[in-house]
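# Tertiary structure, described
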Amino acid sequence: MLEEPALPRPSRGQALTDLAREDLDLYAVNELEERIDALTKEAARTRQALERKRAGREAADALFARRQEWATD
């Protein structure tokens, strides 16, 4: 029994690129309002991920800065 090959994985950011190219003239007013709501929620989710990553980076930088201080003492 042969398995079908997996479809190639879309590149990072491809969904956003596709979204930006979508023809908005095809949408009704209420659909555009829903789209704005969904995009606003996605922007908030993205900001949260960014803040988590920044906090992790700051914690790592602080840890390694302390280690370097100990190494030079």
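Anything mentioned here points back to the structure above.
The paragraphs below set out a description of the structure included in this document. (Residues numbered from 1 in each chain as written. Predicted model: local features only at pLDDT ≥ 70, side-chain atom pairs only at ≥ 80, totals over all residues. Heavy atoms only, no water.)

### Quick notes on the pattern of salt bridges
On inspection of all chains with the given rule, the structure shows five salt bridges. Among the salt bridges present, the one from Arg35 reaches Glu22, with a minimum N-O distance of 3.0 Å. Note that Arg35 is positioned in helix 2 (residues 29-72) and Glu22 in the loop between helix 1 (14-21) and helix 2, a separation of 13 residues in sequence. On the basis of relative accessible area, Arg35 is assigned to the buried category, the value being 15%. (Salt bridge = Lys/Arg side-chain N within 4 Å of Asp/Glu carboxyl O. Helix = DSSP H or I, 4+ residues; strand = E, 2+ residues; numbered from the N terminus. Buried < 20%, exposed > 50% of the residue type's maximum accessible area, 1.4 Å probe, protein only.)

### Looking at a positive patch on the surface
A surface patch of like charges, here positive, comprises Arg9, Arg12, Arg52 and Lys53. The topology assignment puts Arg12 in the segment before helix 1. (Patch = residues over 30% accessible without salt bridge, like charges linked within 9 Å, V, L, I, M, F, W, Y side chains within 5 Å. Areas by Shrake-Rupley, 256 points an atom, 1.4 Å probe, with all protein chains shown as cover. Lys, Arg positive; Asp, Glu negative; His and termini not counted. Charge placed at Lys NZ, Arg CZ, Asp CG, Glu CD.)

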